[in-house]
Amino acid sequence: MTVELEVDDGVALITMNRPERMNAMDAEAYAQLSAAWTRVRDDGDIRVAVITGAGDKAFTTGADLKSFVGRQTDLGTFWQTQQGQLLNRGLEVWKPVIAAVNGYCLGGGMTLLLATDIRIATPTATFGLSEVQRGVVAGNGGTQRVLEQLPYAIGMEMILTGRRIDAEVAARWGLINRIVPKEDLLPTAFEVAREIAANAPLAVQGSKELVLRSRDVDRNTGLRLEQAMNQLLQYTEDAKEGPAAFAERRPAEFKGR
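Keep in mind that this is a model prediction, so the values were computed, not measured.

A look at the sheet that holds strand E9 (residues 165-166)
Note: strands within a sheet are paired through backbone hydrogen bonds, in either parallel or antiparallel orientation.
Here comes step 1: An order of E4-E6-E8-E9 is seen for the four strands of this open sheet, with the pairing classed as mixed. Edge strands, defined here as strands with exactly one partner in the open sheet, are strand E4 (58-60) and E9.
Here comes step 2: Across three bridges, strand E6 (residues 104-106) lies against strand E8 (residues 126-128) in parallel orientation. Within E8, the position partnered with Leu106 by the bridge is Gly128.

Structural notes on the nonpolar core
Here comes step 1: With 43 residues, the main nonpolar core has Trp37, Ile51, Val101, Phe127 and Leu175 as its most contacted residues.
Here comes step 2: Taken together, the elements giving at least two residues each to this core come down to strand E2 (11-16), helix H1 (27-42), strand E3 (48-53), strand E5 (97-101), helix H3 (108-114), helix H5 (152-161) and helix H6 (167-172).
Here comes step 3: Here the element with the most residues in this core is H1; it accounts for six residues.
Here comes step 4: Sequence-distant contacts of Ile51, defined by excluding residues within four places in its chain, comprise Ile14, Met16, Leu33, Trp37, Phe59, Val97, Ile98, Ala99, Ala100, Leu112 and Thr116.

Some words on H5
An α-helical segment advances 3.6 residues per turn. Residues three or four places apart therefore align on the same side.
Here comes step 1: Within H5, burial applies to Ile154, Gly155, Met158 and Ile159. Buried residues in H5, looked at end-on, bunch into an arc of 120°, giving them a common side. Counted as exposed and oriented over 90 degrees from the buried face of H5: Tyr152, Ala153 and Leu160.
Here comes step 2: Taken together, the buried residues of H5 touch H3, E8, helix H4 (142-149) and E9.
Here comes step 3: Of the residues flanking the end of H5, it is Gly162, one or two places downstream, whose phi is positive at about 75°.

Details of the side chain of Asp238
Here comes step 1: If you trace the backbone, Asp238 turns up in helix H10 (residues 237-247).
Here comes step 2: Despite being buried, Asp238 has no salt bridge partner; Arg47 is the closest side chain of opposite charge, sitting 6.1 Å away.
Here comes step 3: Of the polar contacts made by the side chain of Asp238, one reaches the backbone nitrogen of Lys255; its length is 2.9 Å.
Here comes step 4: Apart from residues no more than four positions distant in its own chain, Asp238 is found in contact with Ala200, Pro201, Phe254, Lys255, Gly256 and Arg257.

What to know about the sheet that holds strand E1 (residues 3-8)
Here comes step 1: Taken in spatial order, the six strands of this open sheet run E1-E2-E3-E5-E7-E10, and their pairing is mixed. A strand with exactly one partner marks an edge of an open sheet, and here the two such strands are E1 and strand E10 (178-179).

Re the environment of Ile14
Here comes step 1: You can see Ile14 is positioned in strand E2.
Here comes step 2: Through-space distance from the C-alpha of Ile14 to that of Ala99 is 9.6 Å; in sequence the pair is 85 residues apart.
Here comes step 3: Once you skip the residues sitting within four places of it in the chain, Ile14 turns out to touch Val3, Glu4, Leu5, Leu33, Ala36, Trp37, Val40, Val50, Ile51 and Thr52.

Looking at the packing of helix H8 (residues 201-213) against helix H9 (residues 219-233)
Here comes step 1: Between H8 and H9, whose axes approach to 11 Å, the crossing angle comes to 170°. Classed by the angle they form, the pair H8 and H9 counts as roughly antiparallel. Along the contact surface, H8 presents Leu202, Ala203, Gly206, Glu209 and Leu210, while H9 presents Leu225, Glu226, Met229 and Leu233.
Here comes step 2: Its residues assigned to classes, the contact of H8 with H9 comprises six nonpolar, one polar and two charged.

The rules we used
Per chain, the residues get numbers from 1 upward, laid out in the order the sequence is written. Given that the model is predicted, a residue must reach a pLDDT of at least 70 before its local features are reported, and side-chain atom pairs must reach 80 or more before they are shown or counted; all residues, however, enter totals for whole chains, interfaces and linings. Side-chain measures were taken over the full set of non-hydrogen atoms in the model, leaving aside hydrogen atoms and water. At least two DSSP bridges between two strands are needed for those strands to be called paired. Runs of H or I in DSSP of at least four residues are treated as helices and runs of E of at least two as strands, each being numbered from the N terminus. We call a set of buried residues a nonpolar core when its members are Ala, Val, Leu, Ile, Met, Phe, Trp, Tyr or Cys and they connect through side-chain atoms within 4.5 Å of each other. Type-normalised accessible area, obtained with a 1.4 Å probe on protein chains alone, sets the label of each residue: buried when under 20%, exposed when over 50%, and partly exposed for intermediate values. Contacts: residue pairs with any heavy atoms within 4.5 Å of one another. By construction, the arc corresponds to the directions joining the helix axis to the C-beta atoms. For the purpose of counting charges, residues Lys and Arg are taken to be positive, whereas Asp and Glu are taken to be negative. His and the chain ends are not included. The salt bridge criterion pairs a side-chain nitrogen of Lys or Arg with a carboxyl oxygen of Asp or Glu, the two atoms within 4 Å. N or O atoms within 3.5 Å of each other form a polar contact, as long as, within protein, one can give a hydrogen and the other can take it, and as long as residues adjacent in sequence are counted only when both atoms are side-chain atoms. Fitted lines through C-alpha atoms give the axes, limited to the stretch in contact for helices. The angle between two N-to-C directions lies from 0 to 180 degrees. Roughly parallel means an angle under 35 degrees; roughly antiparallel means over 145; roughly perpendicular covers 65 to 115; every other angle is labelled oblique. Only Asp, Glu, Lys and Arg are considered charged, only Ala, Val, Leu, Ile, Met, Phe, Trp, Tyr, Cys and Pro nonpolar, and every remaining residue, Gly among them, polar.

And the structure:
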């Protein structure tokens, strides 16, 4: 398998495993990644996902251009908009996703990063939207998300020049949460993942959805959506377990129902 998925105690680890190609993604890899995201979305045993790249050189450099050059597709597939959904291309995954960036995060790797929620990186991690240097534009939401997450001038410089930034600069502008030594990358990502997984899963997913949807609605609508979400969650078993565990001074045992 080019894309591997393992589940341990509510946390899914997705590994893009083509280190010999800097974890670049060909058509088969993209199909496997789509299947992995779909499982994360639908598997009730998964509460949080961590995604990383195999080896120590790259998270992923995005599409494997050599595998796509000269490849022709039926124009009809252009309108198959629900085919091969990805996290950064329309698939709605309300479970939190943590990126563990272990090297080059370029092109499609960067657009994937922009669709994750929390980002941990090694000191050698490098970030860039290099598509204009190849005669194309950043796809899969790259041009849509970059200015949501970076200041205008910084985002525009990255996307128009294709220039790369290092981990220190990425942390300075808030693109990543923290930088850790290489040996601490996955342990740190899993520590954060398990902290999230210990919370009420329906409340976590509701919180993520509300935060993302609030970007597209006015404040009054967003406040009303919050009220509706809390009203809905009050009928769950977890909403009773949380206060009970607090009163009894014990860890809560949330079931996601």
